[in-house]
Amino acid sequence: MNTSSAAKARSRAIKPKAGFCKQALVANRKTYEKLYRQSLEKPEKFWGDASREITWFKPWKKLLSWKPPFAEWFVGGKLNVSFNCLDRHVASPRRHKAALIWEGEPGERVTLTYAQLHREVCKFANVLKSQGIKSGDRVAIYMPMIPEAVIAMLACARIGAPHTVIFGGFSAESVKDRINDCGAKIVVTADGGYRRGQVVRLKESVDAALPGTSTVTRVIVVRRAGLDMSLGDRDVWYHEAMAAASDQCEAASLDSEHPLFILYTSGSTGKPKGILHTTAGYFLGALLSTKYVFDLKDEDLYWCTADIGWVTGHTYVVYGVLGLGGTSLIYEGAPNHPEPDRFWKIVEEHKVNIFYTAPTAIRAFMKWGDDWVKKHDLSSLRLLGSVGEPINPEAWMWYYRTVGQERCPVVDTWWQTETGGHMVTTLPGAVPMKPGSAGLPFFGVDLAVVDESGAEVPPDTGGRLVIRRPWPSMLRSIYGDATRYRKQYWSDVKGCYFTGDGARRDRDGYFWITGRIDDVLNVAGHRLGTAEVESALVSHPAVAEAAVVGKADEIKGQAVFAFVTVKQGITPTTELNEELRRHVGKEIGAIAKPDVIRFAEVLPKTRSGKIMRRLLREIAAGGEVKGDVTTLEDFNALASLRQQEE
Ligand code: PRX
């Protein structure tokens, strides 16, 4: 699409098709406004009604206790998320309905009905108990996208042991840091998982991580890839432990605020932080958004392509869908293995109805060409979703036309690990869609765009995106660091949660997210702190200083661009450049490897010693990067020029 048609798309609002509107849960904007207003003005009534989606062991007494910035929702209630995702469906006509449909990258398929999944979860909960895990103990899950990963999550939830899922692409160093931060007692992993035809050897990374930890007493290993390996004293095979376990395990009655999981995510400073989510509020947010935003019906086959290592995988692969008794499709591998039509082949063969993916994937499909899509019958699709990063109107239109054949509404969903569930979206069938805008606030979300002083800016003016009151699925804290929680989220704009994102709101009330305005990058939909990559670089013996900035990238949204100065006596070479990239991969994971490393004599700094990132961003964007990556950049002159200007 050329620039002028993209501009047209940006200003155009696309009405949902009449066929979809007829059955939409929210029929029009008026109904949306009414519900939205009620959610803010009469929260007791709105959330009181909504909370009937949950089966409670004991009803809650008070909706909210708010001692800023600490919230407790549904105070006094008792429930169990695993019970809500399994037992209540097993006791219903959904008993033999598919809960999970799994496809491995090499092509194997497994279906687990609700009754079967319930049985596996009970057994694994008993395995965890037999290994000494009690309510409140943390369990790390480092797995490929296989059913056992979901079984492990639900087993943890069943006995009240908060899980921390670590994305399988993270390195041993990252596994170690996360285990240490939360003090995990058990690690559940697999020998390996498949990705683009290769086996990713997860157990090896766990073995490399454990010597740097002191809390892990047991490693439970799923045999996925059939790798030849011998287990150590601390290790047990998953299948052996499961063979001996009873399939009866009562779900623990847990407080509304019992911790459900800790999920690590990057911030603008230092190491990733453990975002803490609790039971009732998070789960209700997951249920309500899955119901309204995906319009999930009993007969749907729903597929969210996210890995369970990210929050999207938690809320929209596992908890939301299973909580509602839906069928969740899980695929283990890469979208282009063995060929670039793997996703479309899955959609066609399984007859997927609802499909949720990230703009990076959409842009990659666009690049691979329409023929790969057109080869397949995608007529089963009825709704498409997008998440993780701003979607450019060109990609939106391609998704709408080529994949959705102008029949399926596209729901762009803005949210964060911290928000637990969708915050801004275009409710399908209810309101027109604007390509490139995430849409309107979800129920209970009091959003605003403000300036530096905290005052709301007029329509069509850029500013900081904030949330002005607590919401049920909000993070409760940063694990073990309440001070950082307050400082990170609640100190920029008085009385508000600051998202870290920039946005503007148009005259129709639609939000247009422009991206992070802190030192966090969004690389292929993955959050990455520049400070994290910098500290990985300086941990290499050859590096003196490093500064990392983002550079616009056609497919990934942003690419990682690093400026590095080397220690005295070290010669910056192409080999060192490659070694540093590998080093970052080892320290964090492949997603953090800089796309470009530029060696510099010095880094440009202000008189007070702050790195002039704006200047570096300009240089990174400047197109001078194609030449020899080992070029020494002398920023002295540039920096002093800048200082005179400023
Ligand atoms: O910058 C926003 C971007 O992703 C950030 C949250 O990242 P994470 O916690 O990893 O969660 C990703 C999945 C929810 C946000 O601060 N982001 C996420 N969704 C969108 C988005 N930016 C624009 N449009 C979206 N739909």
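Model, not experiment: these values are computed from the prediction.

Tracing the sequence through the fold places Tyr-194 in strand S9 (residues 193-195). Between the C-alpha atoms of Tyr-194 and Pro-144, which are 50 residues apart in sequence, the distance is 7.6 Å. Look past the residues within four positions of Tyr-194 in its chain and what remains in contact with it is Glu-105, Pro-106, Val-199, Arg-224, Ala-225, Glu-332 and Gly-333.

What follows deals with the site of the ligand. Near the ligand lie 16 residues; those nearest to it are Asp-412, Thr-413, Thr-417, Asp-501 and Arg-527. Pro-390 has a polar backbone atom sitting 3.4 Å from a nitrogen atom of the ligand. When the ligand is considered free in solution it has 530 Å² of accessible area, and contact with the protein chains removes 96% of it. Elements supplying a minimum of two residues to the shell around the ligand: strand S20 (410-414) and strand S27 (511-516). At 3 residues, the largest contribution of residues to the shell around the ligand is made by S20.

With that out of the way, let us pick up the side chain of Ser-473. Residue position: Ser-473 is located in the loop between strand S24 (463-467) and strand S25 (477-478). Taking relative accessible area as the criterion, Ser-473 reaches 5% and is therefore assigned buried. Polar contacts involving the side chain of Ser-473 include one to the main-chain carbonyl oxygen of Thr-419, which spans 2.7 Å. If we skip the residues at most four places from it in the chain, Ser-473 touches His-277, Gly-281, Tyr-282, Gly-285, Glu-418, Thr-419, Gly-420, Gly-421 and Met-423.

Where helix H5 (residues 81-90) contacts helix H6 (residues 114-130), the axes come no closer than 9 Å and their chain directions differ by 130°. Considering their axes alone, H5 and H6 lie oblique with respect to each other. Crossing of H5 against H6: the hand is left-handed. Where H5 abuts H6, its residues Ser-82, Cys-85, Leu-86, Asp-87, His-89 and Val-90 lie against Tyr-114, Ala-115, Leu-117, His-118 and Val-121. Of the residues in the contact of H5 with H6, the class split is 7 nonpolar, 3 polar and 1 charged.

Attention now goes to the packing of aromatic side chains. Two aromatic rings are characterised by how far apart their centres lie and by the angle between their planes. Counted by the stated rule, this structure contains 40 aromatic pairs. Ring geometry for Phe-124 and Tyr-238: centres 5.2 Å apart, planes at 35°, overall tilted. Linking Phe-124 in helix H6 with Tyr-238 in helix H10 (residues 238-243), this pair joins segments that are 114 residues apart in sequence. The pair Phe-124 / Tyr-238 is uniform in exposure class, with both members buried. Ring plane angle 90° and centroid distance 5.9 Å describe the contact between Tyr-282 and Tyr-319, whose orientation is recorded as edge-to-face. Of this pair, Tyr-282 sits in helix H11 (residues 280-293) while Tyr-319 sits in helix H12 (residues 311-323), placing them 37 residues apart in sequence. The burial state of Tyr-282 is the same as that of Tyr-319; both residues are buried. Aromatic ring contacts, followed pair by pair, group Tyr-32, Tyr-36, Phe-46, Trp-47, Trp-56, Trp-60, Trp-73, Phe-74, Tyr-292, Phe-442 and Phe-443 into a single cluster.

Here we have 4 strands laid out as an open sheet, ordered S23-S24-S26-S27, and antiparallel in their pairing. Two strands lie at the open edges of the sheet, namely strand S23 (447-450) and S27, each paired on one side alone. Sheet twist, expressed as the mean angle between neighbouring strand axes with direction ignored, is 45°. Pairing of S24 with strand S26 (residues 497-505) involves 4 bridges; the strand directions are antiparallel. From the neighbouring strand, Gly-463 faces S26, where its bridge partner is Ala-503.

Here the focus is helix H17 (residues 482-490). Among the residues of H17, Tyr-485, Gln-488, Tyr-489 and Trp-490 are the ones counted as buried. Down the axis, H17 shows its buried residues gathered within 150° of arc, on one side only. Opposite the packed face of H17, turned more than 90 degrees from it, sit the exposed residues Thr-483 and Lys-487. Packed against the buried residues of H17 are strand S1 (62-67), strand S2 (70-75), strand S15 (273-278), S25 and S26.

Side chains on a regular strand alternate between the two faces of the sheet. When you tally the buried positions in strand S4 (residues 98-103), you get 6 out of 6 residues, the bulk of the element. Bridge analysis of S4 against strand S5 (residues 109-113) gives 5 bridges, and the strand direction is antiparallel. Note that in S5 the partner of Leu-100 across the bridge is Leu-112. If you look at the hairpin formed by S4 and S5, you'll find 5 residues sitting between the two strands, and Gly-107 has a positive phi there, around 120°. In this structure, S4 lies alongside strand S17 (residues 327-331), joined through 4 bridges in parallel fashion. Among the inter-strand pairings, Ile-101 is bridged to a residue of S17, identified as Leu-329.

The assigned domain composition of the chain is domain 1 (110-249) and domain 2 (542-643). Contacts between domain 1 and domain 2 engage 5 residues on the former and 7 residues on the latter. Both faces considered, domain 1 and domain 2 share a buried interface measuring about 410 Å² in area, 52% of it formed by carbon and sulfur atoms. Counting across the domain 1 and domain 2 interface gives 0 salt bridges. Between domain 1 and domain 2 we count 5 residue pairs in polar contact (both at pLDDT 80 or more) in total. In terms of residue class, the side of domain 1 that touches domain 2 is built from 1 nonpolar, 3 polar and 1 charged.

Our next topic: the nonpolar core. With 124 residues, the main nonpolar core has Leu-117, Phe-124, Leu-154, Tyr-319 and Leu-322 as its most contacted residues. If one sorts the elements of this core by residue count, helix H7 (residues 147-159) sits on top with 10 residues. Once you skip the residues sitting within four places of it in the chain, Leu-117 turns out to touch Leu-86, Ala-99, Leu-100, Leu-112, Ile-151, Leu-154 and Leu-322. The next biggest cluster of nonpolar side chains, apart from the first, holds 43 residues, and it includes Ile-179, Val-206, Trp-310 and Val-543.

All right, on to the confidence of the model for the chain then. Per-residue pLDDT for the chain has a mean of 93; in total, 95% of the residues score no lower than 70. Under a pLDDT of 50 for its full length, residues 625-630 has, in the predicted model, 14 contacts with residues more than four places off or in other chains. In the predicted structure, residues 640-646 sits below a pLDDT of 50 and forms 9 contacts with residues beyond four places in sequence or in another chain.

So, how was this worked out
- Residues numbered from 1 in each chain as written.
- Predicted model: local features only at pLDDT ≥ 70, side-chain atom pairs only at ≥ 80, totals over all residues.
- Heavy atoms only, no water.
- Helix = DSSP H or I, 4+ residues; strand = E, 2+ residues; numbered from the N terminus.
- Contact = heavy atoms within 4.5 Å.
- Near = heavy atom within 4 Å.
- Polar contact = N/O pair within 3.5 Å; in protein donor to acceptor, adjacent residues only side chain to side chain.
- Areas by Shrake-Rupley, 256 points an atom, 1.4 Å probe, with all protein chains shown as cover.
- Buried < 20%, exposed > 50% of the residue type's maximum accessible area, 1.4 Å probe, protein only.
- Axes fitted to C-alpha atoms, helices over the stretch in contact; angles between N-to-C directions.
- Parallel < 35°, antiparallel > 145°, perpendicular 65-115°, else oblique.
- Left-handed = near helix turned anticlockwise from the far one by under 90°.
- Nonpolar A, V, L, I, M, F, W, Y, C, P; charged D, E, K, R; others polar.
- Phe/Tyr/Trp six-rings, centres within 6.5 Å; stacked < 30°, edge-to-face > 60°.
- Pairing = 2+ DSSP bridges.
- Arc of directions from axis to C-beta.
- Domains from an automatic or database assignment.
- Buried area = accessible area lost by both parts, 1.4 Å probe.
- Salt bridge = Lys/Arg side-chain N within 4 Å of Asp/Glu carboxyl O.
- Core = buried A, V, L, I, M, F, W, Y, C linked by side-chain atoms within 4.5 Å.
- pLDDT = per-residue confidence, 0-100.

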